[in-house]
Amino acid sequence: MSCTEGDRKMDLIITGSSDEMSRKAAELFARRIRSNPAIVLGLATGGTPEKMYAELVRLHREEGLDFSRVTTYNLDEYLGIPETHDQSYRYFMNKNLFDHVNILSENTHVLNGMADDPVKECRDYEEAVKKAGGIDLQLLGIGSNGHIAFNEPGSSVQSRTGVVDLTENTIKDNARFFEKAEDVPQQALSMGNGSIMEAKEIILIADKESKADAIFKAVEGPVTEDVPASLLQKHPNCTFIIDSLAAGKLKNRRVL
Ligand code: PGA
């Protein structure tokens, strides 16, 4: 698959620092929440969004940003670790955002990594997102191998929420959060590429030089399942908010 001329690619906002990236992304989320208080958000975990969530918490505390009618669905969760595990994505979300804003816990959704039937868990999750009217605004990070959520290189453009194997690259990247690389789960539940592409608006954030290659391939490379983030070139309303280090390999710095 390649991107034909005239395709609208993602918009690009290049910021001077990782802090500014976080602030800009939080501002955009806050604007969308204010204009649609019952918004359905798709949320991401990882090192990249931590400061953005801290800024949203500040906006809630200091400027009254209201989460009381907001609904959230997270992208993914490790298979086989309980939500009380300090590396589970449910734990991350509670710690970094949900415990500090006025969101109703029943409106927050993270795939259950301990589900008896993980395949059914994924199917039910897709149904729940559909019932909620779909994701209005989806936050994404990007893996150094170009993955979005846990859709690793080679995952189909049409993939739906399901059980996925993590690549060695991702296990290595995520080992920093665990005591030993052997402790990193090898599988996860993840929204699929096809599911993510149905979000009405997508914001991808990336900082650090370690993301520069993936960002270059996603923005300026061909649209290919080998680089799942490149599929976003086909999304009608997608913006990358990245710092200058992550933008380091871009040739065409077409910015907003
Ligand atoms: P990171 O992960 O924010 O921890 O770099 C991003 C991702 O793998 O999607």
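Anyway, here's the lowdown on the structure attached to this text. Residue positions are counted from 1 within each chain, in the order its sequence is given. Since the coordinates come from a predicted model, pLDDT governs what is reported: local features require at least 70, and pairs of side-chain atoms require 80 or more to be given and counted, while whole-chain, interface and lining totals use all residues. By convention in this description, side-chain values take in all heavy atoms of the structure and omit both hydrogens and water.

We treat two strands as partners when DSSP finds at least two bridges between them. Where helices and strands are cited, they refer to DSSP runs of H or I of at least four residues and of E of at least two residues respectively, numbered from the N terminus. With antiparallel pairing, the three strands of this open sheet are ordered in space as β4-β8-β7. Pairing within the sheet leaves two strands with one partner each, and these edge strands are β4 (76-78) and β7 (162-165). Adjacent strand axes in the sheet meet at a mean angle of 30°, parallel and antiparallel pairs treated alike. For β7 and strand β8 (residues 187-190), the ladder comprises four bridges, and the chain directions are antiparallel. Bridge assignment links Asp165 to a residue of β8, and that residue is Gln187. We call two residues in contact whenever any of their non-hydrogen atoms come within 4.5 Å of each other. Axis definition: a line fit to C-alpha positions, over the contact stretch in the case of helices; interaxial angles, taken between N-to-C directions, run 0 to 180 degrees. On the sheet, helix α4 (residues 118-131) packs against β7 and β8 and is oriented at approximately 120° with respect to β7.

Surveying the vicinity of the ligand reveals the residues Gly46, Gly47, Thr48, Gly141, Ile142, Gly143, His147, Arg176 and Lys211. At 3.0 Å from an oxygen atom of the ligand is found a side-chain nitrogen or oxygen belonging to Arg176. Polar contact is defined as a pair of N or O atoms within 3.5 Å, subject to the rule that within protein one atom must be able to donate a hydrogen and the other to accept it, and that residues adjacent in sequence are counted only when both atoms are side-chain atoms. Separating an oxygen atom of the ligand from a side-chain N or O atom of Lys211 is a distance of 2.6 Å. All accessibility values rest on the Shrake-Rupley procedure with a 1.4 Å probe; residue burial counts only the protein chains present in the view. Considering the ligand on its own, with 280 Å² of exposed area, one finds that the protein chains cover 84% of that surface. Any residue with a non-hydrogen atom lying within 4 Å of a molecule or strand is treated as near it.

Below, the discussion takes up the packing of helix α1 (residues 18-35) against helix α2 (residues 50-63). Where α1 meets α2, the closest approach of the two axes is 8 Å, and the angle between their N-to-C directions is 50°. Here α2 runs oblique to α1, going by the angle between their axes. Crossing angle aside, the handedness with which α1 passes α2 is right-handed. Along the contact surface, α1 presents Ser18, Asp19, Ser22, Arg23, Ala25, Ala26, Phe29, Ala30 and Arg34, while α2 presents Lys51, Met52, Glu55, Leu56, Leu59 and Glu63. Gly is put with the polar residues, along with every residue not named as nonpolar or charged; the nonpolar set is Ala, Val, Leu, Ile, Met, Phe, Trp, Tyr, Cys and Pro, and the charged set is Asp, Glu, Lys and Arg. Among the residues forming the contact of α1 with α2, the class breakdown is seven nonpolar, two polar and six charged. Each angle gets one of four labels, with under 35 degrees taken as roughly parallel, over 145 as roughly antiparallel, 65 to 115 as roughly perpendicular, and the rest as oblique. If you view the pair so one helix is near and one far, a crossing is left-handed when the near helix is turned anticlockwise from the far one by less than a right angle, and right-handed when it is turned clockwise.

What follows is about the nonpolar core. Counting residues in hydrophobic clusters, the biggest one holds 64 residues, and the most contacted among them are Phe29, Leu56, Ile215, Leu232 and Phe240. Take this core: its biggest share by element is seven residues, from α1. The contacts of Leu232, once residues within four sequence positions are left out, are Met10, Leu140, Ile148, Met197, Ile202, Leu204, Cys238 and Phe240. Listed in part, the 11 residues of the second largest apolar core include Phe150, Val164, Ala175 and Val184. Buried Ala, Val, Leu, Ile, Met, Phe, Trp, Tyr and Cys residues that are joined via side-chain atoms within 4.5 Å together make up what is termed a nonpolar core. The rule is simple: take the accessible area with a 1.4 Å probe, protein chains only, and divide by the maximum for that residue type; under 20% is buried, over 50% is exposed, in between is partly exposed.

This part covers the environment of Asp11. Within the secondary structure, Asp11 sits in strand β1 (residues 11-15). On the basis of relative accessible area, Asp11 is assigned to the buried category, the value being 18%. Measuring from C-alpha to C-alpha, the distance between Asp11 and Ile241 comes to 8.5 Å, with 230 residues separating the pair along the chain.

Another point: the sheet that holds strand β9 (residues 201-206). Strands sit in the order β1-β10-β9-β6-β2-β3-β5 across an open sheet of seven strands; the sheet is parallel. Bordering the open sheet on either side are β1 and β5 (108-109), each of which pairs with just one other strand. Pairing analysis gives four bridges linking strand β6 (residues 137-140) to β9, with the strands arranged parallel. Counterpart to Leu139 in the pairing with β9 is Ile203.

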